[in-house]
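Coordinate analysis (summary)
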Amino acid sequence: MRIFAIFFVLFNHTGNNGFFLFSLCPKESLQFWIYLFISIFCKFAVPLFFAISGALLLNREDEPLKRLWKDKILKFAVILIAISFLTAVGLIFFSSKEHTLQSCLRRFYSSNLSAQLWYLYAYLAFLMSLPFLRALVKYLKDKYFYYLIGLVLIFQTIPVLEYFIWQQKFTLNGNLRPYWMMSNIVIYPCVGYFLEHRIKIEKARKWLILLWVINILTIALSAIVTNYRCTLLNDFSEGKSQLFYNNFVLINCITIFITIKYLVEKIFITENLSNIILWLGSGTFGVYLFHIIFQNTFIFRKLLILLKNSVGVHINFMLANWSYVLCLMIFCFVFTGILQKIPIIRKMVGC
């Protein structure tokens, strides 16, 4: 799951070259809708990482708060500070825009130095919440997990309907929305725990085809409302177009979690292949950290240009972008593997 998810995390950061490629296509073309569908589909990646964390961490016994802070929270705080420092150095010395140490410190405290780093802030909040989330899932009956999923989906569907009916000129009273359960650090870890420890895969298999049908339909609905809104606003910019990208991502996350779990349990995997999968899975956090640094280097920018203008092998821009993402991912896996040989760094990048 981590390997599959990290590919789409990297894809999500490719801008007009891949993730936002649909905006460069004619609005009436088939390519526009296919690329827009892919752009919305990829949003499952980070929720899936949270779901995996819930599956792995919420089933454990509570550790003392001192150990929780020492072994988990402070470790990720150090990682966040280190990667933010490297990002700040890049902004101050190599960015075309003017950045100062003071402005970088303000951004580090108030937002983040790179858009991709929001996940580390959120994951730190998740780790701080572990004792409460463990207590919550331990005593929840299965029917209340379904209730939780249903409530979140209802309140995520309402904004889509509001836009179709009256372009959100009127919106539901915010005090009625259960924001706490819709948070990334609550809903996805709880769902991950539920799917891993409460649902038997044979039971889930019966619903797999229906899940994929619903998943495809809801992604298509997100694409339609996105196109509708951007057409009304006459603005297909990357910032304006993503308002409804995540409304049904919970369905996408659940579908992919169950699908991969089912396939892995049904497909015979040799010991050697299993070891490779485990090694790659342990390196995905390093890939996430280091792709932020390497993706804008001259070598990978040149690689993307070469792939898009490949001679002798005709591939469209999306396939060229996926090839670029795969190359970047492999490079970051290798780089992470090298760093994992260093004892001090091993525990940080091999998460």
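Source: prediction; values computed, not measured.

1. Things to note about the nonpolar core
Core analysis: the biggest nonpolar cluster contains 101 residues, and Ile6, Leu120, Phe126 and Tyr288 have the highest contact counts within it. Residues in contact with Tyr288, not counting those within four places in the same chain, are Ile6, Val9, Gln116, Leu117, Tyr119 and Leu120. Of all hydrophobic cores here, the second largest spans six residues; its members include Val160, Val225, Phe244 and Phe248.

2. Some thoughts on the side chain of Gln156
Within the secondary structure layout, Gln156 lies in helix H8 (residues 142-166). Since its relative accessible area comes to 17%, Gln156 is described here as buried. In contact with Gln156, not counting residues within four places along its chain, are Arg177, Met182, Asn246 and Asn247.

3. A word on the pattern of salt bridges
On inspection of all chains with the given rule, the structure shows five salt bridges. For Lys72, the salt bridge identified is with Glu63, shortest N-O distance 2.8 Å. On the accessibility criterion, Glu63 (14% relative accessible area) is buried. The partner of Asp142 in a salt bridge is Arg198, with the nearest N and O atoms 2.7 Å apart. On the criterion of sequence distance, the pair formed by Asp142 in helix H8 and Arg198 in the loop between helix H10 (184-197) and helix H11 (201-205) is long-range, its members being 56 residues apart. One network of salt bridges, with partners in common, ties together Asp62, Glu63, Lys72 and Arg134.

4. Re a nonpolar patch on the surface
A contiguous nonpolar surface patch, about 690 Å² in accessible area, is contributed by Trp33, Leu161, Phe164, Ile165, Trp166, Phe170 and Ile224. Here the nonpolar patch takes four residues from H8, the largest share from any one element. Along the chain, Trp33 turns up in helix H2 (residues 30-41).

The rules behind the values
Along each chain, the written sequence defines residue order, and numbers are assigned to residues from 1. The model is predicted, so local features are restricted to residues of pLDDT at least 70 and side-chain atom pairs to those at 80 or more, both for listing and for counting; the totals for chains, interfaces and linings are taken over all residues. The side-chain quantities take in all heavy atoms of the structure and omit both hydrogens and water. Working definition of a nonpolar core: buried Ala, Val, Leu, Ile, Met, Phe, Trp, Tyr and Cys residues. They are joined through side-chain atoms within 4.5 Å. Think of it in three bands: residues with accessible area under 20% of the maximum for their type are buried, residues over 50% are exposed, and the middle band is partly exposed, with areas taken using a 1.4 Å probe on protein chains only. Two residues qualify as a contact provided that any one of their heavy atoms is within 4.5 Å of a heavy atom in the partner residue. Helix numbers and strand numbers start at the N terminus; a helix is a DSSP run of H or I with at least 4 residues, a strand a run of E with at least 2. Here, a salt bridge means any Lys or Arg side-chain nitrogen found within 4 Å of an Asp or Glu carboxyl oxygen. For patch detection, residues must exceed 30% relative accessible area and be free of salt bridges, and they are connected within 9 Å for like charges or within 5 Å for nonpolar side chains (Val, Leu, Ile, Met, Phe, Trp, Tyr). All accessible-area figures derive from a Shrake-Rupley calculation using a 1.4 Å probe, and residue coverage is judged against the displayed protein chains alone.

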